[in-house]
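So you can see what is in the structure, the chains are spelled out below.
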Amino acid sequence: MAEFLRYGHVKKTRKDKRCFACGDMIEKGSEANTWTSVDGGSVFTEYLHTECYNDLGNYCSGCRQCAESGEYWDAFMYESAINDSDCEPAKRLRDKISSD
């Protein structure tokens, strides 16, 4: 099981990154947030859009519906959105997907 280390903020990404929460790309030079954890002696840093990071703190941390065995899986917000979850992050992503 992964152990949380810290959250961080990135003013401008150096490369394109994939958002851990929604699965969409974070373009090079964009603002982002990071989530760093350690699992089995390896350190992992995941990137999140600012909106996804805010949703994680405001909704997901208390809900944990998308957390399997205490851990979130890749693109967990996207999966919730396409599986008709009624949580706020899923609603926001469905609105974003339908407007694209």
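Residues numbered from 1 in each chain as written. Predicted model: local features only at pLDDT ≥ 70, side-chain atom pairs only at ≥ 80, totals over all residues. Heavy atoms only, no water.

S.K.: An account of the nonpolar core is needed here, citing residue identities and associated values.
M.R.: Grouped together as the largest cluster of nonpolar side chains are 20 residues, with contacts concentrated most on Cys 19, Ala 21, Trp 35, Leu 56, Tyr 72, Phe 76 and Met 77. Those elements giving two or more residues to this core turn out to be β4 (32-39), α1 (50-63), α2 (76-82) and α3 (88-99). Among all residues touching Cys 19, those that are not within four sequence positions of it are Asp 24, Ile 26, Tyr 47, Leu 48, His 49 and Cys 52. (Core = buried A, V, L, I, M, F, W, Y, C linked by side-chain atoms within 4.5 Å. Buried < 20%, exposed > 50% of the residue type's maximum accessible area, 1.4 Å probe, protein only. Helix = DSSP H or I, 4+ residues; strand = E, 2+ residues; numbered from the N terminus. Contact = heavy atoms within 4.5 Å.)

S.K.: Which residues make up the layout of surface pockets, and what values do they have?
M.R.: Approximately 370 Å³ is the volume attributed to the largest pocket. Residue assignment for the lining of the largest pocket shows that the elements contributing at least two residues are β1 (3-10), β4, β5 (42-48), α1 and β7 (71-72). Within the lining of the largest pocket, the residues separate by chemical class into 10 nonpolar, three polar and six charged. (1 Å grid on protein atoms, 1.4 Å probe; cavity = no way out; pocket = protein on both sides within 12 Å on 5 of 7 lines; lining within 4 Å. Points joined across faces, edges and corners; volume = space filled by probe spheres on them. Nonpolar A, V, L, I, M, F, W, Y, C, P; charged D, E, K, R; others polar.)

S.K.: Which residues make up the pattern of salt bridges, and what values go with them?
M.R.: In the structure shown here, the tally under the stated rule is three salt bridges. A salt bridge links Asp 55 to Arg 92; its shortest N-O distance comes to 2.6 Å. You can see Asp 55 sitting in helix α1 and its partner Arg 92 sitting in helix α3, a full 37 residues away along the chain. Of the charged contacts, one joins Glu 88 and Lys 91 as a salt bridge, the two residues approaching to 3.4 Å between their closest N and O atoms. Of this pair, Glu 88 and Lys 91 both sit in helix α3, three residues apart, which is roughly one turn of the helix. For Glu 88, a relative accessible area of 38% corresponds to the partly exposed category. (Salt bridge = Lys/Arg side-chain N within 4 Å of Asp/Glu carboxyl O.)

S.K.: Give a description of the environment of Asp 39 that names residues and reports values.
M.R.: Following the sequence through the fold, Asp 39 ends up in strand β4. Separated by 37 residues in the primary sequence, Asp 39 and Ala 2 place their C-alpha atoms 4.4 Å from one another.

S.K.: Residue-level account of unusual backbone geometry, with values.
M.R.: The phi dihedral of Ala 75 is positive, around 55°, even though this residue is not glycine. On the secondary structure map, Ala 75 appears in the loop between β7 and α2. Its identity is not glycine, yet Asp 84 carries a phi of approximately 60°, on the positive side. Given the relative accessible area of 61%, Asp 84 is considered exposed.

S.K.: An account of the packing of aromatic side chains is needed here, citing residue identities and associated values.
M.R.: Summed over the entire model, instances satisfying the criterion amount to six aromatic pairs. Aromatic pair Tyr 7 and Tyr 53: ring centres 5.5 Å apart, planes at 75°, arrangement edge-to-face. Remark: Tyr 53 occurs in helix α1 and Tyr 7 occurs in strand β1; sequence separation between them is 46 residues. Here the aromatic residues Tyr 7, Phe 20, Trp 35, Tyr 53, Tyr 72 and Phe 76 are joined through ring pairs into a cluster of three or more. (Phe/Tyr/Trp six-rings, centres within 6.5 Å; stacked < 30°, edge-to-face > 60°.)

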